[in-house]
Amino acid sequence: MAALSIGTHVSPLQQLKTGSLHSPSPSITSLSSLHSVSLPTFTSCVCRIKTSRLLGNGVLARAEDKARDSSSSSSSVPQEAPLQPNNDKQFQDLPSTSGSCDPLCSLDETSSQDFEASYQPKTDFLKALAVLAAAVTGTVAINHSWVAANQDLAMALLFVIGYAGIIFEESLAFNKSGVGLLMAVSLWIIRSIGAPSTEIAVSELSHASAEVSEIVFFLLGAMTIVEIVDAHQGFKLVTDNITTRNPKALLWVIGIVTFFLSSILDNLTSTIVMVSLLRKLVPPSEYRKLLGGVVVLAANAGGAWTPIGDVTTTMLWIHGQISTLQTMKSLFIPSAVSIAVPLALLSLTSEVNGKGQDIPNVMATEQMAPRGQLVFSVGIGALIFVPVFKAVTGLPPYMGMLLGLGVLWILTDAIHYGESERQRLKVPQALSRIDTQGVLFFLGILLSVSSLEAAGLLRELANYLDAHIPNVDLIASAIGVVSAVIDNVPLVAATMGMYDLSSFPQDSEFWQLVAYCAGTGGSMLVIGSAAGVAYMGMEKVDFFWYLRKVSGFAFAGYAAGIAAYLAVNNLHFSLPTTLAQAPFLPGS
């Protein structure tokens, strides 16, 4: 038999005949079944054996998928006589298909053909050379005396370049998380060079890291809890109760449910849950796209009035700019107005008003996982308990979130004990599904902004804005408009560095407006929020469709919400304060 093309590896067929292969593919149950296995099945088995040792990434995944697909058919084949030596002749005489792996080849040959077809040595060499040149240039530039003498300008230029790389990540083919981390480290290197001493820079970095880590731990805990609840199909308890099929009524129901769901979950998760629901309620149409736009508006509005509903409000809450009850009382009405106005205007459009009949179901809903109701109750209870935990213990909010995660972890381990087929319902599997790169992006951005704060750049920017825009309401409103283009996380982080609590105390009008504007301003463009980006990908909506159909309504709601806040604030009117007298919530 001919030897394989790579090294001195022995053919898997030879190993099977000689008995030297001790850990065969799961698709191959015994030697006696090989004789009856069809050629495609056997090919898949052999390819998987070789692939599992020599290949990775997409090729490995594809080969394993094929092996899994064929395993069910191979396991049902009746056993016959063991494979005889003269069967080699049969396999050798079979023609091989171009581009596929025959029984006697290794998948290395096929993968090498694919690799050669896509390999562009000149392009890859130029890319590698460009990266190397950029690294060398950066190293030389950072060590240059000009950087130490012009620290502010160097840091500002680096931040602008880095943020441009984040904005145009798709065009440059660089992931924004990697760009953010690289930018953060580079900025702190420049800060250490320009600081009076390295010890001072290290002290500033330690302080910044402590603040940033609180947000990162909080997000990791919250995202894991939500993922566990979603794995158990817990949100079906909410979505299955939406029974109306009247177009106008459904518009309002979707908006209201998303608004309140997003006040507990983050706006991204709420959008994914509700858009998935729309696929089961409404056939593909212009009307369903419009409902998806409503989900984005409601998710961003709902996340703005609670400290756990949006990353930006969570940041402001953790750092003490806003408190729980005062924020909920002051921002509920503006947030509700910001979604009520678009809903009222959309109800008058032809896409909604022109529907003369009810909407039928599109598909059946999935079955809830065992004990899904229990996991839903405990998970949502853990999220709601976080502000109470902070008020009672005085400890940072991330400790309450980790407490809730620990309780849910133990609970899922207990209720699924011994159920090996339900490992995906447990926390370890959920940790592998959360958006870790998103958390690393936040880490890079927040560390980058903290370096600008340590260098004093943000204070200088605040003084400039105060001199040219003396009205703080206009500053906060402008932040919301800019957040439609630029991510609201760095905007709010920069604002927190520009103005401290001595400039504007906790729960002042400025901080509350920042929380509202940064949360809802991103709705004006589909790329302005994580909810909008998720909706754009799930429903295949393009930028200009959203601009034509939704942006105008979003701006109307945004402006109406600001007007509502100013009116309520000037009239000193707020929601009933019964909860404020509760002994366990003293101004949390």
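About the thresholds
- Residues numbered from 1 in each chain as written.
- Predicted model: local features only at pLDDT ≥ 70, side-chain atom pairs only at ≥ 80, totals over all residues.
- Heavy atoms only, no water.
- UniProt positions renumbered as here; feature names shortened; annotations may be inferred.
- Salt bridge = Lys/Arg side-chain N within 4 Å of Asp/Glu carboxyl O.
- Helix = DSSP H or I, 4+ residues; strand = E, 2+ residues; numbered from the N terminus.
- Buried < 20%, exposed > 50% of the residue type's maximum accessible area, 1.4 Å probe, protein only.
- Core = buried A, V, L, I, M, F, W, Y, C linked by side-chain atoms within 4.5 Å.
- Contact = heavy atoms within 4.5 Å.
- Phe/Tyr/Trp six-rings, centres within 6.5 Å; stacked < 30°, edge-to-face > 60°.
- Lys NZ or Arg CZ within 6 Å of the ring centre and 35° of its normal.

As recorded in an unreviewed UniProt entry, the protein goes by Citrate transporter-like domain-containing protein and comes from Acer negundo. The annotation that UniProt attaches to the protein under Subcellular location (unreviewed entry) is "Membrane". UniProt lists a comment for the protein under the heading Sequence similarities (unreviewed entry), and it reads "Belongs to the NhaD Na(+)/H(+) (TC 2.A.62) antiporter family."

1. With respect to the pattern of salt bridges
For the structure shown, the criterion picks out 4 salt bridges. Put simply, Glu286 and Lys549 hold a salt bridge, and the shortest N to O gap is 4.0 Å. Note that Glu286 is positioned in helix H15 (residues 286-303) and Lys549 in helix H28 (residues 543-549), a separation of 263 residues in sequence. You can call Lys549 partly exposed: its relative accessible area is 24%. The partner of Arg288 in a salt bridge is Glu539, and the shortest N-O contact between them spans 3.1 Å. With Arg288 in helix H15 and Glu539 in helix H27 (residues 530-539), the pair connects residues that are 251 residues apart, well separated along the chain. Glu539 gets classed as buried once you look at its relative accessible area, which sits at 10%.

2. Remarks on the nonpolar core
By size, the foremost hydrophobic cluster in this structure holds 124 residues, and its most contacted members are Met315, Leu383, Tyr499 and Tyr546. Setting aside residues no more than four positions away along its own chain, Tyr546 makes contact with Gly293, Val296, Leu297, Ser523, Met524, Leu525, Val526, Tyr535, Val541 and Ser551.

3. Details of the packing of aromatic side chains
Here the structure, examined in full by the defined rule, presents 18 aromatic pairs. Ring centres of Phe259 and Phe260 lie 5.2 Å apart, and the angle between their planes is 90°; on these two criteria the pair is classed as edge-to-face. Ring centres of Phe260 and Trp305 lie 6.4 Å apart, and the angle between their planes is 90°; on these two criteria the pair is classed as edge-to-face. Placement of Phe260 in helix H13 (residues 247-264) and of Trp305 in the loop between H15 and helix H16 (311-318) is noted, with a sequence separation of 45 residues between them. We classify Trp305 as buried; its relative accessible area is 9%. If you follow Lys176 out to its NZ or CZ, it ends over the ring of Phe441, 4.5 Å from the centre. Seen from the ring of Trp545, Lys289 lies directly overhead, with NZ or CZ sitting 5.8 Å from the centre.

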